[in-house]
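Results of the structural survey
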Amino acid sequence: MKNSEVISITSLAYGGDAVGRLSDNRICFVPGALPQEQVEVEIVQDKKRFVRGKVRKILFPAPERITPECPHFINDDCPGCAYIHTTYENELHWKQQQLKDFLQRNNLLDSSQIHPPYASKNRFGMRNKLTLHCQNGVTGYFGKDNRTVFKLEKCLLAQDGLNKLIPAIKNRSGQRIILRQTEQDGAIIVDDAEKMLTETLPGFGNFQVSADGFFQTNTFVAAEMVRLVVEYIRNSGHKKLVELYCGTGIFSICAAENIPGLQCIGIEISEKAIAAAGINAQNHQLFDRCRFFAGDAGKLLKKCSPMDDAVLLLDPPRSGVQKSTLLQIIDSAAAEIIYISCAPDTLTRDLKIFKQANGLKCSCKQNTNNYNYNYEYHENY
């Protein structure tokens, strides 16, 4: 086989790699290329059904190509900004197309049920958290090999305060360093994971979260996502909400605060997150309508019956919902389900199980910031 070949790029795969075909008709994945481009690629990985290539030369650039603003994208093989070499509008277009491909290929939705993407207010400078790594005296991100740390000078995605902290941690020991920035606490290096920080969600107020705990990294997009969830729950007319993977209770608390009479139960495996959820319920004066429990989602769901007049809200990690928990959800016969996902591949896998079990009727609203997906699915069955 030839070591290099000229190919035409036709699409972008989930994760950002460009897709074209070699002369032998095998698919070639090429990071850094764009649809409508003709590129000369060097073959760096040769498989039976596909290959991976590296751009040697762009012969005909796409009209949506722009010069990447981040030097790490070019010099350090940073995996974080897979679409930074194209316009934000084109990025949204292809993320939307990838979502459609996942769902339509599996007969889960047709295009009329997929709403337009919700764009981030800012393409850069919006992340409120960074996780860095130290290796052999170098502090930064892992490269695409997921083993080697490259030296980070500045991350364009991060808020300014976080970038100003980076020089201060160059000589710190430890394999993993978390930086966070909130309106009330400012930018900090997390030395005490038990410390409580105050995150502000526009339109919904303040929430306590542990320094190493989860909170949406783009608060502008997070606020819109919460607003949509509250709207869905209100329009359902149901007066009970059960939230699995509830974290610090943001969705339940915001829903209860805006829907009179709504009773909420939140379930989360992390005891530290549940402790923060309890504090948030107290601070929002909703301790009588929002109850939170630490434990396995599938096991504790059994204790939430009856569910025939309840909305079940799922916000799992990137790995999706465990199959055993999915079966418990199906058995619960909840009136409606809202599924929030950050990964369309595992979302599709889980929706297929729902569909196989008892049919599926759903619509979807996509919220996307620059480099992470957040999909909301409103499912009735």
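Residues numbered from 1 in each chain as written. Predicted model: local features only at pLDDT ≥ 70, side-chain atom pairs only at ≥ 80, totals over all residues. Heavy atoms only, no water.

**A short note on helix α8 (residues 323-332)**
Basically, it comes down to this: With a 1.4 Å probe rolled over the protein chains alone, any residue whose accessible area is under 20% of its type maximum counts as buried; one over 50% counts as exposed, and the rest are partly exposed. Numbered from the N terminus, helices here are DSSP runs of H or I no shorter than four residues, and strands are runs of E no shorter than two. Working note: the arc is built from the helix axis to C-beta atom directions.
Along α8, the residues that are buried comprise Thr 325, Leu 326, Ile 329, Ile 330 and Ser 332. Mapping the buried residues of α8 onto a view down its axis gives an arc of 160°, with all of them on the same face. Along α8, the residues that are exposed and aim more than 90 degrees away from the buried face are Lys 323 and Asp 331.

**Focus on unusual backbone geometry**
Note that the residue after Ser 305, namely Pro 306, is joined by a cis bond; omega there is 0°. For Pro 306, the location among the structural elements is in the loop between α7 (297-301) and β16 (310-314). With phi around 75°, Asn 25 is a residue other than glycine that occupies positive phi space.

**Structural notes on the sheet that holds strand β6 (residues 129-135)**
Going by this rule: Here, strands pair whenever DSSP counts at least two bridges between them. Throughout, an axis means a line fitted to C-alpha atoms (over the contacting stretch in the case of helices), and angles, computed between N-to-C directions, take values from 0 to 180 degrees.
Ordered in space as β8-β7-β6-β9-β10, the 5 strands form an open sheet in which the pairing is antiparallel. This sheet does not close on itself; its edge strands, each paired only once, are β8 (149-151) and β10 (186-189). In this sheet, neighbouring strand axes are inclined to one another by 40° on average, regardless of whether the strands run parallel or antiparallel. With 3 bridges connecting them, β6 and strand β7 (residues 138-142) associate as antiparallel partners.

**Section: the sheet that holds strand β2 (residues 18-21)**
Hydrogen bonds along the backbone pair up the strands of a sheet, which may run parallel or antiparallel. The strand order around the closed barrel built from 5 strands is β1-β2-β3-β5-β4, with neighbouring strands paired in mixed fashion. The average angle at which neighbouring strand axes cross in this sheet is 50°, direction not considered. Here strand β1 (residues 4-12) runs beside strand β4 (residues 38-46); their pairing, made up of 5 bridges, is antiparallel. Looking at the pairing, Glu 5 lines up with Val 41 of β4.

**Observations concerning a nonpolar patch on the surface**
Here is the rule we go by: A residue counts toward a patch only above 30% relative accessible area and without a salt bridge, and it is joined to like-charged neighbours within 9 Å or, for Val, Leu, Ile, Met, Phe, Trp and Tyr, to nonpolar neighbours within 5 Å. Residue burial considers only the protein chains on display, and all accessible areas are found by Shrake-Rupley using a 1.4 Å probe. One speaks of a salt bridge when a side-chain nitrogen belonging to Lys or Arg is within 4 Å of a carboxyl oxygen belonging to Asp or Glu.
Taken together, Val 6, Leu 59 and Phe 60 make up a surface patch of nonpolar side chains, about 270 Å² in accessible area. As for its placement among the helices and strands, Val 6 is situated in strand β1.

**Observations concerning the environment of Thr 67**
Counting through the fold element by element, Thr 67 comes out in the loop between β5 (50-60) and α1 (71-75). We classify Thr 67 as exposed; its relative accessible area is 65%. Separated by 20 residues in sequence, Thr 67 and Thr 87 place their C-alpha atoms 9.5 Å apart.

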